[in-house]
Amino acid sequence: MSPSLPLDTMPPLFKSLTALRSAHTNLLKEYQKYDDDEDENKLPDSFVKEVELFLQRASSSGALLDIDEDRADAQALLNYWTTVLYNAGQTPRPTVLANFEEEVASRQVGERCPYRGLQAFHLEDRPYFYGRRQLAREMTNWLQRENFLAVVGLSGSGKSSIVRAGLIPALQEGALSDSESWTYYDTIVPGPEPLRSLAEIIRPEGAAPEQWYQQHAPQLLRDDGHLLRLVSGEGTTAVVVVDQFEELFTLSQDEAERRAFVANLIRLTKAPDRRHIVIITMRSEFDTYVARLPELQELFERAQIRVSPLSPSDLRKAIEKPAERSGLNFEAGLVEELVHQVLGEPAGLPLLQFTLYKLWEKRQGKDITWAIYRELGGSPREVLARVADATYESFNIIEDRNISRRIMLRLVRPGAGLDVTSNRVRRESLYPVAARDNVNRVLDIWAAAGLLRVTPAAKREDDQIEVMHEALIRNWPKLVAWVEEERVHLRQRLQLTSAAQQWAEHRRDPGGLLGGTLLAEALTYDDLNVLEREFVTASQEAAEEVEREKQRHQQRINALRRLQLIIGSIFVVIAIGLLTLALWQTKKAYAASEEAKREKGNALTAKGLADEAKTAAEIATGKINKTRDDAAAEVKRINDEADKKLDQLKKQTKDELAKLEGYKAKAAEAQKVIGKYEAMARRIKTETDAQLAAAERLEEELRSKAEGYLAVARETRKAADEATDAVQTLQGSSKIQIKSADDLGLRRRNRPIRPGVSISSSSTTAGSLCCVVRDSAGQKYLLSMGYTIKGKVGESVFQPSLIDGEGGTDGERVAVVSSLTNNTSAAIARLLPGVEADNNIPGIGKVTEVGPPAKPGDVVTLVGRTSGVVRGRVIATDETIAISSAERLEGVIVTDRISSGGDGGAPVLDQNGRLIGILWGGGGEKSIVIPIDRILQGLNVELLR
């Protein structure tokens with residue numbers, strides 16, 4: 001036993017009877033070294049001081065024990081060690097258990113809650129983390145030989161907790177060779193920007209986060225060895241833990257960044273000169289997504305450890321062990337009810353932890369009662385729903401309730417089917433919901449209720465906001481109804497967020513802008529964050545520019561048509577004018593000719609005039625011809641000039657048309673890209689639906705196979721445990737201390753009366769007491785074989801037996817025979833008023849449970865007045881034994897332990913200290929045990945607990 005700590009550094013009290021018993025067991029192990037010494041006075045002074053210290057602490061711890069049975073057990077331990085000191089020649093003062101003090105008990109509980117609510121357990125919570133010891137051991141053994149581990153399980157199965165509070169602390173404490181000197185980086189989650197998360201864990205203290213990210217993200221993106229070079233500078237094995245690995249597929253939209261993130265992690269595990277370790281946790285609902293990353297798939301499938309739901313016993317440990325450390329006391333039956341409620345429940349662990357957290361808040365001193373549990377809701381699912389409803393209804397202003405609703409809807413992501421997952425967002429992205437101060441105030445209230453998680457950042461607006469656990473999404477009816485009402489809107493809203501992020505990642509490429517109905521839908525949102533608002537504004541401006549170009553093109557076409565019409569009109573006017581002039585000149589010449597003809601007939605002398613007229617006519621004709629030619633030339637000049645201007649206009653229009661065609665081409669390309677993304681989205685949705693359907697079928701097949709494998713594994717593990725227990729028994733390393741009947745005082749008077757002690761009636765041989773039982777009315781009885789307490793109703797039963805020489809007086813009468821059985825020869829005797837009896841066996845503990853039927857090979861323990869505590873092994877079951885020619889015992893258990901006289905009626909226990917039968921008798925090389933369940937049923941009684 002290791003040296004004890006100074007008294008002033010030790011907790012002054014044992015916070016529970018279990019803690020006190022544990023210290024008692026440690027002392028017993030040390031005492032074994034000196035117990036076989038012929039001279040008990042040679043106990044070392046150091047051990048004597050250990051016992052004295054134990055007695056001081058145990059005596060004071062009575063202030064925390066308010067249950068009579070617990071106080072009796074504690075006082076028995078005090079008496080035992082007082083006797084040990086007395087036998088060793090010491091003169092200890094009688095040690096009496098302190099009285100219970102409610103105020104002291106309340107102070108011992110402390111201010112720290114041992115339960116985590118909806119949060120995962122972390123490194124500092126390890127003292128309160130129970131129920132996963134075997135799984136943590138499997139993970140440690142795996143990392144003994146491998147560098148990559150994938151911890152996979154359903155949401156709420158405890159993946160994060162087992163890694164953070166089980167595996168990592170064990171490694172830091174040296175579970176593997178030199179693991180206490182390894183470098184452990186902070187746990188990360190991928191989020192929407194996985195490379196930012198990866199860069200953050202290796203950021204030196206004092207380095208500006210954004211500057212560090214801008215420096216190293218491009219290198220992580222193009223070089224899969226960059227992370228390895230950074231961590232190798234530490235000079236030790238690096239351990240990187242990635243929690244919620246599924247976010248790489250649900251939140252990250254950049255395929256290149258996703259592949260770079262995985263490539264850097266894989267390269268880290270394959271370092272040639274130094275060993276590095278990568279551990280990931282992932283929801284099993286998303287493990288098929290790993291097929292998108294072939295470089296990871298083979299490693300992932302080989303390195304999986306599945307986190308199965310906790311067994312009933314592990315669930316009980318997860319409740320009781322932290323309570324024992326904190327001094328909490330659960331009212332009888334409440335722990336079993338909690339286990340029953342969450343067993344097999346999806347997200348059962350977070351529901352259980354949240355319920356325990358709320359029970360701790362409402363505790364009365366150190367007591368957690370049924371009344372408190374029923375007041376909270378009466379079931380873990382109802383407790384969570386009521387707390388969420390109460391938080392929502394605590395907002396007296398309608399606006400605050402609307403803000404709560406809109407925030408909650410931003411923190412969920414509806415899947416392709418009915419699945420809904422959590423969505424982590426920046427605080428700033430919630431500010432469009434309402435006024436900044438109002439949003440912050442509402443967030444603080446939800447976080448204080450333990451329903452939202454706020455992860456602080458360097459700037460408050462960069463804080464990460466998310467629901468504390470997806471159990472809230474599934475188990476709060478109001479939120480479920482909101483999601484159903486808004487499911488289509490939420491999908492469209494998330495598509496806008498994704499499109500805006502892709503637009504930013506591709507350097508604001510115009511080809512990624514919205515148009516048509518998608519843009520019209522986006523313009524209706526009033527809760528856009530900064531990036532989304534810029535994205536929608538850019539999309540709107542691009543759409544408006546396309547519309548303006550269409551209008552300008554139409555205006556140019558209309559202007560060209562008007563110009564053509566004007567030029568045509570001018571040409572017609574000129575032609576008409578020239579034609580009119582020619583006709584006027586011709587008419588004038590014709591009139592002159594007619595006049596000349598008339599004059600010729602009157603006088604021959606008019607010939608000259610006629611010649612003159614002729615000459616004038618010729619001149620007029622020449623003028624007409626010249627005027628016509630001039631008009632034709634002018635028309636030609638005007639036409640040429642018009643053609644030149646028309647060509648200029650055509651060229652200018654052609655350039656404008658070319659520009660317009662370019663805009664149209666860009667618009668068509670943009671529409672093509674939009675169509676491409678819409679087609680891609682439809683294809684992805686179709687593929688996703690198919691994958692989900694296939695995943696559901698595969699999950700069902702795997703679940704069926706897993707259940708089969710688990711059953712085989714349980715049987716194998718049980719067989720291994722049985723074999724281990726058998727080996728330990730044969731090697732003398734049994735958990736139950738082997739003692740003789742004299743050491744345990746079984747033959748002497750024993751008050752309270754305990755199993756295994758001497759007992760008889762006036763007309764029978766001495767035997768051993770099996771146990772204390774009670775009927776439906778609460779009356780207590782002693783149970784043994786009929787030949788030990790045989791007699792008529794009213795006869796006395798003695799302890800110790802008359803044969804032992806100490807009984808026989810009226811003062812030793814303890815019971816009267818009240819009933820007998822006909823098929824097992826067992827009998828019960830009713831206790832007289834004032835006589836105390838219980839099922840606590842010295843050196844073993846209290847027997848409170850009936851064990852399952854025995855199987856060949858099981859190790860069993862017998863406690864009898866003659867033999868004391870001895871061990872044996874089951875040879876066979878369901879045997880039929882002839883008692884006489886007229887009576888036979890059927891269905892008995894045969895063991896290889898040879899019973900001694902006086903052991904008849906003694907209790908037979910399994911390796912876990914549970915009662916399985918009563919010793920009937922034996923001879924030769926075997927003993928006969930009658931199963932206890934048949935006896936209890938035949939007598940219509942139950943074991944006193």
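Residues numbered from 1 in each chain as written. Predicted model: local features only at pLDDT ≥ 70, side-chain atom pairs only at ≥ 80, totals over all residues. Heavy atoms only, no water.

Let's talk about the overall build of the protein chain
Within the protein chain, the secondary structure is distributed over 26 helices and 28 strands. A fraction of 69% describes how many contacts in the protein chain between residues 6 or more apart in sequence connect residues 24 or more apart. For the protein chain, the computed accessible surface area is about 48,700 Å², with 51% contributed by carbon and sulfur atoms. (Helix = DSSP H or I, 4+ residues; strand = E, 2+ residues; numbered from the N terminus. Contact = heavy atoms within 4.5 Å. Areas by Shrake-Rupley, 256 points an atom, 1.4 Å probe, with all protein chains shown as cover.)

A closer look at the sheet that holds strand E5 (residues 304–306)
Taken in spatial order, the five strands of this open sheet run E2-E3-E4-E1-E5, and their pairing is parallel. The open sheet has two edge strands with one neighbour each: strand E2 (183–184) and E5. Bridging between E2 and strand E3 (residues 238–242) involves two bridges; their strand directions are parallel. Within E3, the position partnered with Thr183 by the bridge is Ala238. Those strands touched by helix H11 (residues 255–269) are strand E1 (148–153), E3 and strand E4 (277–283), and its axis lies near 145° from that of E3. (Pairing = 2+ DSSP bridges. Axes fitted to C-alpha atoms, helices over the stretch in contact; angles between N-to-C directions.)

What about the pairing of strand E12 (residues 464–467)?
Sheet topology places strand E10 (residues 425–426) next to E12; two bridges connect them, and they run antiparallel. Each residue of the ladder has a partner; that of Val425, found in E12, is Ile465. In this sheet, E12 lies alongside strand E11 (residues 452–455) in antiparallel orientation, the contact comprising four bridges. Across the sheet, the residue bridging to Arg453 is Glu466, located in E12.

Describing the pattern of salt bridges
Inspection of the entire model under this criterion finds 33 salt bridges. Between Arg427 and Asp463 there is a salt bridge, with its nearest N and O atoms 3.2 Å apart. Placement of Arg427 in the loop between E10 and helix H19 (436–448) and of Asp463 in the loop between E11 and E12 is noted, with a sequence separation of 36 residues between them. Like Arg427, the residue Asp463 is buried in the burial classification. Linked by salt bridges that have partners in common, Glu247, Arg424, Arg453 and Glu466 make up one network. (Salt bridge = Lys/Arg side-chain N within 4 Å of Asp/Glu carboxyl O. Buried < 20%, exposed > 50% of the residue type's maximum accessible area, 1.4 Å probe, protein only.)

Here we look at empty space enclosed by the protein
Here the structure, examined in full by the defined rule, presents four cavities of 30 Å³ or more. As for the largest cavity, its lining consists of Val860, Thr861, Leu862, Val870, Arg871, Gly872, Thr895, Arg897, Val908, Leu919, Ser927 and Val929. Of all the secondary structure elements, the ones that give two or more residues to the lining of the largest cavity are strand E22 (859–864), strand E23 (868–882) and strand E27 (926–931). Residues of the lining of the largest cavity, tallied by class, amount to six nonpolar, four polar and two charged. (1 Å grid on protein atoms, 1.4 Å probe; cavity = no way out; pocket = protein on both sides within 12 Å on 5 of 7 lines; lining within 4 Å. Points joined across faces, edges and corners; volume = space filled by probe spheres on them. Nonpolar A, V, L, I, M, F, W, Y, C, P; charged D, E, K, R; others polar.)

Details of the state of the cysteines
A full pass over the atoms with the stated rule returns zero disulfides. No disulfide involves Cys771; its sulfur sits 3.4 Å from that of Cys770, the nearest cysteine. (Disulfide = S-S within 2.5 Å.)

Digging into unusual backbone geometry
In this model, Arg751 is joined to Pro752 through a cis peptide bond whose omega is -5°. Inspection of the secondary structure puts Pro752 in the loop between helix H25 (741–744) and strand E13 (758–761). A cis amide bond, omega 0°, links Gln799 with the succeeding residue Pro800. In this structure, Pro800 sits in the loop between strand E17 (796–798) and strand E18 (813–820). Not every positive phi belongs to a glycine, and Asp178 is a case in point at roughly 65°. Position of Asp178 relative to the elements: it lies in the loop between helix H6 (159–172) and E2. Backbone geometry places Asn940, a non-glycine residue, at a positive phi of 60°. Within the fold, Asn940 resides in the loop between helix H26 (932–939) and strand E28 (942–943). Residue classification places Asn940 among the exposed residues on the basis of a relative accessible area of 62%.

A closer look at the sheet that holds E11
The strand order across the open sheet built from three strands is E10-E12-E11, with neighbouring strands paired in antiparallel fashion. For this open sheet the edge positions go to E10 and E11, each flanked by a neighbour on one side alone.

Digging into the nonpolar core
By size, the foremost hydrophobic cluster in this structure holds 64 residues, and its most contacted members are Leu143, Leu149, Phe245, Phe261, Leu265, Ile279 and Leu296. Sequence-distant contacts of Phe261, that is, excluding residues within four places in its chain, are made with Ile188, Pro190, Pro194, Leu195, Leu198, Val242, Phe245 and Leu248. Judged by nonpolar contacts, the second largest core, of 62 residues, contains Ala323, Val342, Val467 and Ala471. (Core = buried A, V, L, I, M, F, W, Y, C linked by side-chain atoms within 4.5 Å.)

Quick word on helix H2 (residues 45–60)
Taking 1.5 Å of rise per residue, the 16 residues of H2 would be expected to cover 22 Å, and the 23 Å separating its terminal C-alpha atoms lies within 8% of that figure. Taken together, the buried positions of H2 are Phe47, Val48, Glu50, Val51, Leu53, Phe54, Leu55, Arg57, Ala58 and Ser59. (Expected span 1.5 Å × (residues − 1).)

Concerning the packing of aromatic side chains
Taken as a whole and assessed by the stated rule, the structure comprises 15 aromatic pairs. Each member of the aromatic cluster is reached from another via a ring pair, and the members are Phe245, Phe249, Phe261, Phe286 and Tyr289. Over the aromatic face of Tyr128 sits the side chain of Arg325, whose NZ or CZ is 5.9 Å from the ring centroid. Positioned above the aromatic ring of Tyr392 is the side chain of Arg401, whose terminal nitrogen or guanidinium carbon lies 5.4 Å from the ring centre. (Phe/Tyr/Trp six-rings, centres within 6.5 Å; stacked < 30°, edge-to-face > 60°. Lys NZ or Arg CZ within 6 Å of the ring centre and 35° of its normal.)

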